Amino acid sequence: MSRVILEKVSKQYGKTSALSDFSLEIPEGLLVTLLGPSGCGKTTALKILAGLIRANSGKVYFDSIDVTNLPPADRDIGMVFQAYSLFPNMTARKNVEFGLETRGVARPEIKKRVDDIFEVIGLEEHQEKYPHQLSGGQQQRIALARAIVIRPRLLLLDEPLSALDAQVRDQLREEIRRVQREFNITTLFVTHDQEEAMSISDRVGVMFRGALLQVAPPQEVYQSPINSTVARFVGNMNEIPAIVSGNSVAVLGMTLRLDDKSSFSSNSKKRVALIRPEDLEIVQPNHMGAVGKISGISFLGPLSIVEVELTSRTVVRVAKPSQSISHLVRGQQIAVVTTAERVLVGD
Amino acid sequence: MAPLRMISVTLRLGTILIGLLFFAIPIYASSIFAFRESDGSFSAQPISSALENHELVRSFFLTMQIAFGTVLLTLLLLIPTIAYLHFVIPGARAWVEFLTLTPLVIPPIVQGVGFLYSMPTSLKSTPHALIFAYTVLALPFSYRAIDSAFSSIDVRTLFNAASSLGANFMTVVSKILIPNVAAGIFAAIFLTIALVLGEFAYASLLLWDTFPTVLAVAGMSNASTAVALSILSLIGVWLILSALSAFNRRSRGLIVSGV
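Residues numbered from 1 in each chain as written. Chains lettered and ligands numbered in written order. Predicted model: local features only at pLDDT ≥ 70, side-chain atom pairs only at ≥ 80, totals over all residues.

K.L.:
How do you make sense of the overall build of chain B when you look at a structure like this?
P.N.:
From N to C terminus, chain B includes 13 helices and 0 strands. Over its C-alpha atoms, taken along the principal directions, chain B stretches across nearly 70 × 70 × 30 Å. Across the 259 residues in chain B, those meeting the buried criterion constitute 30%. Expressed as a percentage of contacts within chain B between residues at least 6 apart in sequence, the contacts between residues at least 24 apart total 77%. (Helix = DSSP H or I, 4+ residues; strand = E, 2+ residues; numbered from the N terminus. Buried ≥ 20, exposed ≤ 12 C-beta atoms within 10 Å, placed from the backbone. Contact = placed C-beta atoms within 7 Å.)

This is the structure we're talking about:
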């Protein structure tokens, strides 16, 4: 287990900058997720950590040891890939043994460790099967076992769940977290799936266009985004035209007093209020707030999304417990309100 | 459903039967021609006379040497090249594939003359120079066989996975890449051997006595011996195919259809 540091790392592909002055610290034993849209540079950062690609500048440290120029084989890492990466010519057991054999671990020790890891992932009965005889979820669990059986200093997970169906994805996500905690492995997880990032991580790093915008615990990233890009990317946001004057904002027919953290600095004159669907309330139209008409209701199980078209033509989405909105119908006139502490202002 | 199923099974069996007859009838006819004596009995005389023909035996061993050399050169040339193409410059694959097709469109006489002019004098004096010509001639088949094997696996991911587990380059190549493209390599070997065993135009143009050219000459004086040897060659090729296929199945642990 190691503390891992990427220090001012830059990587360019021709004229395109994939990473610029990227710095990240992964504390020992924690699971940090890099979250961002496709092409934001998160996989590039992971590959630089793995040694699979070289950075143009910057340093990589494992426990204050500079590993920037070490090849992947000498970095002592475990890695699980997005694509199924089990060696097709080997059984599941042989796949798991591979990393231990290349490290010259003694046979009895290999047997003990491999037996133990198969017990941990609960696939003892599939040890002698070839990859093509296993389901996608089983293959990724074997790949996880193969990566951690070598007791790596760093575990790298490159969107390992993206090829799986929803149910298997949820199960494996929990399993990754359980195993990561059990072995206390420093882990970097890369994904574009917000739910995945929020549920599995000790810290989430939000990336955009090769830069790391914010690294914080999931709740903090969600509730206190550092800027409007993070606010927009993480979770759903309503964007409602607003007028800002000093430290107050006029939105939804109300004037709300903002604290310093609620308004992101900007030179733009066009400002919008960013409000999460669960932070809007539906009230009778004779109350204060912006009046509108319900244009749709989507039932999502415990929650429902109410789509409201305001008189200003702006459409907002309100998330409420399904039971609490059972009296609402499409076309009904209602009003939408919020409170100051739930509003962020961006451009 | 049952009648439809019956029609489907009948059609399938009928197609297989026609396919079998397509191959079996000429072989049966050739066997009758080669091994039946004038009194209606069968005899292995054509085979024993072929084995007594020292020129034929010598040319067979020479051709096998050339086949071995061609296979070796083909694999040494193609495996690293195709691995490099897949791993480093996948965009160039289409161009290389086009290049490998050229032996199919350039007439053998043009290739033969060009080959003669381009070979160093020291190589022109030995029939083993044909190894270079046959390597080029086999490219359309050998390249495709190995390339499609590489295409069927995710070379980059497997390479990265093995490297991240501490394997050096040679370990990755010998334990991961080669075993996973073995089916394609075996197919290339088989196709190359088959091509060398049957290639006539080049050897004849360049005046070398290989098995096919000697067999053609022998056929002019003793047709039944030539036909008997052709049948034996065919059986030999089948045996090689079956052995390679069985070996490939065992090495991969999979059921692979054909080679």
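K.L.:
Honestly, the overall build of chain A in this entry has me stumped. Any pointers?
P.N.:
Assigned secondary structure in chain A consists of 8 helices and 20 strands. With the principal axes as the frame, chain A shows a C-alpha extent of 80 × 45 × 35 Å. Within chain A, the fraction of its 347 residues that count as buried is 41%. Once local pairs closer than 6 in sequence are excluded, the contacts in chain A between residues at least 24 apart make up 68%.

K.L.:
Looking at this structure, I do not really get helix α1 (residues 42-50) of chain A. What am I missing?
P.N.:
Because each turn of an α-helix spans 3.6 residues, side chains separated by three or four positions end up pointing in the same direction. Residues and elements named next belong to chain A. Counting buried positions over the 9 residues of α1 gives 9, a clear majority of the element. Within α1, the full set of buried residues consists of K42, T43, T44, A45, L46, K47, I48, L49 and A50. Positive phi shows up at G51, right after α1, with a value of about 85°.

K.L.:
Teacher, can you tell me more about the packing of helix α3 (residues 54-87) of chain B against helix α12 (residues 211-221) of chain B here?
P.N.:
Two quantities define a packed helix pair, namely the angle between the axes and the distance from one axis to the other. Residues and elements named next belong to chain B. One can describe the packing of α3 onto α12 by two numbers: an axis separation of 8 Å at closest approach and a directional angle of 155°. Compared by their axis directions, α3 and α12 come out roughly antiparallel. Of the two elements, α3 crosses α12, and the hand of that crossing is left-handed. Where α3 approaches α12, its residues E55, L56, S59, F60 and T63 are matched on the opposing element by F211, V214, L215 and A218. For the contact of α3 with α12, the class distribution of residues is 6 nonpolar, 2 polar and 1 charged. (Axes fitted to C-alpha atoms, helices over the stretch in contact; angles between N-to-C directions. Parallel < 35°, antiparallel > 145°, perpendicular 65-115°, else oblique. Left-handed = near helix turned anticlockwise from the far one by under 90°. Nonpolar A, V, L, I, M, F, W, Y, C, P; charged D, E, K, R; others polar.)

K.L.:
Hey, could you run me through the domain arrangement of chain A in this one?
P.N.:
When the domains of chain A are assigned, the result is domain 1 (4-223) and domain 2 (236-346). Look at where the C-alpha atoms of domain 1 of chain A and domain 2 of chain A centre, and you get two points 39 Å apart. (Domains from an automatic or database assignment.)

K.L.:
Quick question: what am I supposed to make of the interface of chain A and chain B here?
P.N.:
When the parts of a complex come together, some accessible area is lost, and that lost area is often taken as the interface size. In this assembly, 19 residues from chain A lie in contact with 19 residues from chain B. Of all elements in the fold, only β6 (77-80) and α2 (92-102) of chain A reach the threshold of two or more residues within the side of chain A that touches chain B. Sort the elements by how many residues they give to the side of chain A that touches chain B and α2(A) lands first, with 3 residues.

K.L.:
Which parts of the structure should I look at to understand the domain arrangement of chain B?
P.N.:
Residue and element names in this part refer to chain B. Once the domains are mapped, chain B shows domain 1 (1-43) and domain 2 (52-252). Contact with domain 1, which involves 6 residues of that partner, is made by 6 residues of domain 2. Per-class residue counts for the side of domain 1 that touches domain 2 are 4 nonpolar, 2 polar and no charged.

K.L.:
Explain the pairing of strand β12 (residues 248-251) of chain A here, please?
P.N.:
Each regular strand shows side chains that alternate between the opposite faces of the sheet. Residue and element names in this part refer to chain A. Taking every second residue as pointing to the same face, the buried face of β12 carries V249 and V251, while none of S248 and A250 on the other face is buried. Bridging between strand β11 (residues 238-245) and β12 involves 3 bridges; their strand directions are antiparallel. Its bridge partner being in β12, I243 is matched across the sheet by A250. Turn length for the β11-β12 hairpin, with the two strands adjacent in sequence and antiparallel, is 2 residues, and the turn residue G246 shows positive phi of about 60°. Of the strand pairs in this sheet, β12 and strand β13 (residues 254-257) are connected by 4 bridges, and their pairing is antiparallel. (Pairing = 2+ DSSP bridges.)

K.L.:
So what exactly am I meant to see when it comes to the nonpolar core here?
P.N.:
Most often, soluble globular proteins have nonpolar side chains that are buried together. The biggest cluster of nonpolar side chains holds 147 residues, and the ones touching the most others in it are L49(A), L156(A), L188(A), A273(A) and I146(B). Top contributing element to this core by residue count: helix α7 (residues 130-151) of chain B, with 14 residues. Residue contacts for L188(A): discarding those within four places in its chain leaves I26(A), V32(A), L34(A), L46(A), L49(A), L154(A) and L156(A). (Core = buried A, V, L, I, M, F, W, Y, C linked by C-beta atoms within 7 Å.)

K.L.:
Can you walk me through the sheet that holds strand β1 (residues 4-13) of chain A in this structure?
P.N.:
Backbone-to-backbone hydrogen bonds join strands into a sheet, with any given pair of strands oriented parallel or antiparallel. Residue and element names in this part refer to chain A. Taken together, the 4 strands give an open sheet; going across it, the order is β2-β1-β4-β5, and neighbouring strands pair in antiparallel fashion. Strands at the two margins of the open sheet, each flanked by one partner only, are β2 (16-26) and β5 (65-66). In this structure, β1 lies alongside β2, joined through 7 bridges in antiparallel fashion. What sits directly across from I5, in β2, is E25. Across the sheet, α1 is in contact with β1, β2 and β4 (57-62); its angle to β1 comes to roughly 115°.

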